[in-house]
Each structure stands twice: as structure tokens, then as C-alpha cells.
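Listed below, chain by chain, are the residues.
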2 protein chains.
Amino acid sequence: MGVKSNLAEEREQAEPPLLDSLIGYRLRRASNRMTSDFLVTVSPLALRPALFAMLEGIRTTPGIIQMALGTELGIQRANLVPLINELTGRGLVARRAAPNDRRALSLFLTAKGEELLDRAEKMVLEHEERTLAKLSKTERAKLLELLSKVATDVDA
Amino acid sequence: MGVKSNLAEEREQAEPPLLDSLIGYRLRRASNRMTSDFLVTVSPLALRPALFAMLEGIRTTPGIIQMALGTELGIQRANLVPLINELTGRGLVARRAAPNDRRALSLFLTAKGEELLDRAEKMVLEHEERTLAKLSKTERAKLLELLSKVATDVDA
DNA sequence: TATTGTTATACTCTATAACTATA
DNA sequence: TATAGTTATAGAGTATAACAATA
């Protein structure tokens, strides 16, 4: 209970900004920064993050139906439609009727889509390398692991 | 070079999805999930992430001018204007002419703004607790540390 | 009844250019 | 000439409701 100097009082009053301790906030800032760099990096191919993710999802599971792709990527099926239209319109993706369910549409990469995605992947890996230069391999693995624990319910 | 079983071949072909190893992608998914939960949690106060961050920024530095607040939060000054209008229109923030620069406007929380922010902070902390339940204290601290290394240039 | 794809619509945040008034 | 605030506008992603065709 001693007398305090002005400096000590100031130090007591100035609590550390709450924002800096909020993971949600820091997550948003980091994500925005990477998205911004992604857009610039991949702009020569006219691919945005959502389009790139969709191409990757189709490559991983050729013939996947729209509904399943949406679930996999966390994109509502209503929002998926115009994106797929964009990809088919550019000749990167083909829609075919699903064999067992006449409601569903299967998605495939065209040869052109495969080629573009190959080029995109190289750009994206460079983009990650550049934006994550401050992180070691171990730190990157740790970050991926921690991020996967954030998205709890559907993701895993 | 031995003969391979079909299973082994399949295992070789099925590479792990590239998306799962991309920090940018995982960051976006995790951020979206937390933003979504934030919106639901704080909706009783009609605060969105950007508005909450601005109130926090003003609380941390009372009298901060708009330009500085934008830089601090990574929000372009053009986008800041309608957000501040919203806050002043609701009586949460007051704009006053800055003493030394007649171009600049200083920002302060009103009593109503202080009260609302107090309530918002409690909600946000509960929101973080709920969405990050899978992470230990140590893991949360590590995640914050790693995230701060992603936003390189301006942030630090 | 439930599900798949679709359309329409609104909201949140971000980005750029150009203008004004001050500095 | 540079900066602070402002206006206008566009883009990217997300959310909800409702409908037709099919299961």
C-alpha cells in the first residue's frame, strides 16, 4: 500500500488491449492478410480462394456431387451454384448426371481444369511460403494442428 | 520393386488432400466458424466483429483519431466512416475535433458505449471459451503467438 | 417427407478512386 | 504536396427462404 509514482499508476491503468488476447480477432486479421495475398498471387489465373478450394475438392474426389462438395468445403449449396457455373463456363469443370440419383450432379475436372489447377497449386505454395516465412516447419505443423481444433462441429 | 497389391496402389494414388495442408485455407475455415459464432453470440447487442473491434480500439486509446484507429485495426479509412457513423448514431461513440489538427476527429466512448462494451466483452469471452473448448490454455497462448507471426508487415 | 439443385436476396467485410478541407 | 475525412462503387464471401424435380 505504498505511495505510487505517476509512472506506476499509468502502468497499472493501462491494461493490455483485450483484442490482442482474442483468438477470434487475431484469426480474422491473419486470415484477411493471407486472403489478400492469395488474391494478388493467383490473380493471373483469375482464381479466388473459393474457386481454388472447389477445384481441389473435385480433384480429391472426382465425381463428387455438388451437395457433398459444399459440405466438404463448408459452402452452402445455394452459394455453390454460381461458383460452379463460373468454373463450367470457363471450361475447367464438367457437370454430369449422377448414375444413381437423377437429382444429383457429379463434378469432374476437365483437362484444362487439371492444367490450371497444377499451375495454381505452384502459385499457392509460393504464396504460403512467402506469407509464412516467419514460421518454421514445426511451427507450421503446430499451427495446422491447432487450427483444426478450432473448427469443432462439422469439421474435425 | 516388388509386386503391389491393389490396396497398396490405391494408397499410393490417394494423396492427402492439398487443402488440408494449406494454412491459408485452414485459417479461413477457422476464422469463418468463429465469426459465425461471434455474430450469433453478440447479436443481442447488435455488434458485429468490426464494430466490437472499433469500440475496443477506442477504449484502449481514448481520443484516437480515425486514421490511427483504422491503421491499428487494419481497416481502410474509407470503410471506417460508415462504421463510425453507425456507432455515433447509436450514441455509443462521440466524435470531437482534434485539438492540434483541424482535419482530424478524435473518438471517445460515451457512457452508454462503455456499458455496452462491458456487456459485449463478457459475451465475447464466453464465445471464445465455447469455440476454443478443445484447446488448453497453453495451446491458446501458442496459437496467439503463431497467428501474430502470420500478419507480418504492418502488424508484428 | 426429405433431399438436390436452383433462384433471389440481403448482409458483412474489404478494396480503389476521387473529392474537400486542412496541414 | 501531403494528409484526414468523406463519398461512391465494386468485389468476395456468407446466410436464409422458397421453389421444382426427384428420392
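Above this text you will find the structure in question.
J.: For the packing of helix α3 (residues 49–60) of chain A against helix α6 (residues 111–131) of chain A, give the residues involved together with the corresponding values.
T.: Residue and element names in this part refer to chain A. Running from N to C, α3 and α6 point in directions that differ by 120 degrees, and their axes come no closer than 11 Å. Between α3 and α6, the angle is such that the two are oblique. Here α3 runs over α6; the crossing is left-handed. In contact with Phe 52, Leu 55, Glu 56 and Arg 59 of α3, α6 contributes Glu 114, Leu 117, Asp 118, Ala 120, Glu 121 and Val 124. For the contact of α3 with α6, the per-class residue count stands at 5 nonpolar, no polar and 5 charged.

J.: So what about the interface of chain A and chain B? Which residues, and what values?
T.: Each side of the interface is counted separately: chain A has 50 residues, and chain B has 50 residues. Between chain A and chain B, a total of about 4,900 Å² is buried, with carbon and sulfur atoms accounting for 68% of that surface. Counting across the chain A and chain B interface gives 2 salt bridges. Where Lys 149 of chain B meets Glu 139 of chain A, a salt bridge forms, and the shortest distance between an N and an O atom there is 2.8 Å. If you look at where chain A meets chain B, you find 10 residue pairs in polar contact (both at pLDDT 80 or more). For the side of chain A that touches chain B, the elements supplying multiple residues, two or more each, are α2 (23–42), α3, α4 (66–73), α6 and α7 (137–150) of chain A. The dominant element in the side of chain A that touches chain B, judged by the number of residues it contributes, is α2 of chain A, at 12 residues. Grouping the constituent residues of the side of chain A that touches chain B by class yields 25 nonpolar, 8 polar and 17 charged.

J.: Describe the pattern of salt bridges, naming the residues involved and giving the relevant values.
T.: Note on pairing: side chains with opposite charge can pair once their charged atoms come close. Under the criterion given, the structure shown has 20 salt bridges over all chains. For Asp 20 of chain B, the salt bridge identified is with Arg 26 of chain B, shortest N-O distance 2.9 Å. One salt bridge in this structure joins Arg 48 of chain B and Glu 86 of chain B, with 2.9 Å as the shortest N-O distance. Of this pair, Arg 48 of chain B sits in the loop between α2 (23–42) and α3 (49–60) while Glu 86 of chain B sits in helix α5 (residues 77–89); the two residues are 38 residues apart in sequence, bridging distant segments of the chain. A relative accessible area of 34% places Arg 48 of chain B in the partly exposed class. Residue Glu 86 of chain B is classed as partly exposed on the basis of its relative accessible area, which comes to 27%. Ionic contacts of the salt-bridge type, sharing partners, join the residues Arg 59, Glu 114, Asp 118 and Glu 121 of chain A into one network.

J.: Break down the protein's contact with DNA strand C for me, with residues and values.
T.: Around DNA strand C, a shell composed of 23 residues is seen, among which Asn 32, Met 67 and Arg 103 of chain A together with Arg 48 and Asn 79 of chain B lie nearest. The sugar-phosphate portion of DNA strand C accounts for 60% of its atoms within 4 Å of the protein, the bases making up the rest. Between DNA strand C and Gln 76 of chain B there is a distance of 3.4 Å, counted from a phosphate oxygen to a side-chain nitrogen or oxygen. Residue Arg 102 of chain B places a main-chain N or O atom 2.9 Å away from a phosphate oxygen belonging to DNA strand C. Those elements that provide at least two residues to the surface near DNA strand C are α2, α4 and α5 (77–89) of chain A together with α3 and α5 of chain B. For the surface near DNA strand C, the per-class residue count stands at 9 nonpolar, 5 polar and 9 charged.

J.: For α2 of chain B, give the residues involved together with the corresponding values.
T.: Taking 1.5 Å as the rise per residue, α2 of chain B with 20 residues should run 28 Å; its terminal C-alpha atoms sit 28 Å apart, in good agreement. Residues of α2 of chain B that are buried include every one of Ile 23, Gly 24, Tyr 25, Arg 26, Leu 27, Arg 29, Ala 30, Ser 31, Met 34, Phe 38, Thr 41 and Val 42 of chain B, and no others.

J.: Tell me about the environment of Leu 69 of chain A, and please be specific about residues and values.
T.: Residues and elements named next belong to chain A. Its location among the elements puts Leu 69 in helix α4. Measuring from C-alpha to C-alpha, the distance between Leu 69 and Leu 109 comes to 13 Å, with 40 residues separating the pair along the chain. Beyond its immediate stretch of four places on either side in the chain, Leu 69 contacts Met 54, Gly 57, Ile 58, Ile 64, Leu 80 and Leu 107.

J.: Just give me the short version of the side chain of Ser 106 of chain A, but keep the residues and values in it.
T.: All names here are of chain A. Considering the arrangement of structural elements, one finds Ser 106 in strand β2 (residues 105–109). Relative accessible area serves as the criterion here: at 7%, Ser 106 is assigned to the buried category. Apart from the residues within four sequence positions on either side, Ser 106 is in contact with Gly 63, Ile 64, Ile 65, Ala 94, Arg 95, Arg 96 and Ala 98.

J.: Account for the protein's contact with DNA strand D, with residues named and values stated.
T.: Residues in contact with DNA strand D amount to 23 residues; listed here are only the nearest, Asn 79 of chain A together with Asn 32, Met 67, Ala 78 and Arg 103 of chain B. Elements with a minimum of two residues in the surface near DNA strand D: α3 and α5 of chain A together with α2, α4 (66–73) and α5 of chain B.

J.: Describe the sheet that holds strand β3 (residues 105–109) of chain B, naming the residues involved and giving the relevant values.
T.: Residue and element names in this part refer to chain B. The sheet built from 3 strands is open, its strands ordered β1-β3-β2 with antiparallel pairing. The open sheet has two free edges, formed respectively by β1 (64–65) and β2 (93–97), since each of these has just one partner strand. One ladder, built from 5 bridges, connects β2 with β3; its direction is antiparallel. The partner of Ala 94 across the bridge, within β3, is Phe 108. Its contacts with the sheet place α5 against β2 and β3, and it is angled at close to 110 degrees to β2.

Parameters and conventions
- Residues numbered from 1 in each chain as written.
- Chains lettered and ligands numbered in written order.
- Predicted model: local features only at pLDDT ≥ 70, side-chain atom pairs only at ≥ 80, totals over all residues.
- Heavy atoms only, no water.
- Axes fitted to C-alpha atoms, helices over the stretch in contact; angles between N-to-C directions.
- Helix = DSSP H or I, 4+ residues; strand = E, 2+ residues; numbered from the N terminus.
- Parallel < 35°, antiparallel > 145°, perpendicular 65-115°, else oblique.
- Left-handed = near helix turned anticlockwise from the far one by under 90°.
- Contact = heavy atoms within 4.5 Å.
- Nonpolar A, V, L, I, M, F, W, Y, C, P; charged D, E, K, R; others polar.
- Buried area = accessible area lost by both parts, 1.4 Å probe.
- Salt bridge = Lys/Arg side-chain N within 4 Å of Asp/Glu carboxyl O.
- Polar contact = N/O pair within 3.5 Å; in protein donor to acceptor, adjacent residues only side chain to side chain.
- Buried < 20%, exposed > 50% of the residue type's maximum accessible area, 1.4 Å probe, protein only.
- Near = heavy atom within 4 Å.
- Expected span 1.5 Å × (residues − 1).
- Pairing = 2+ DSSP bridges.

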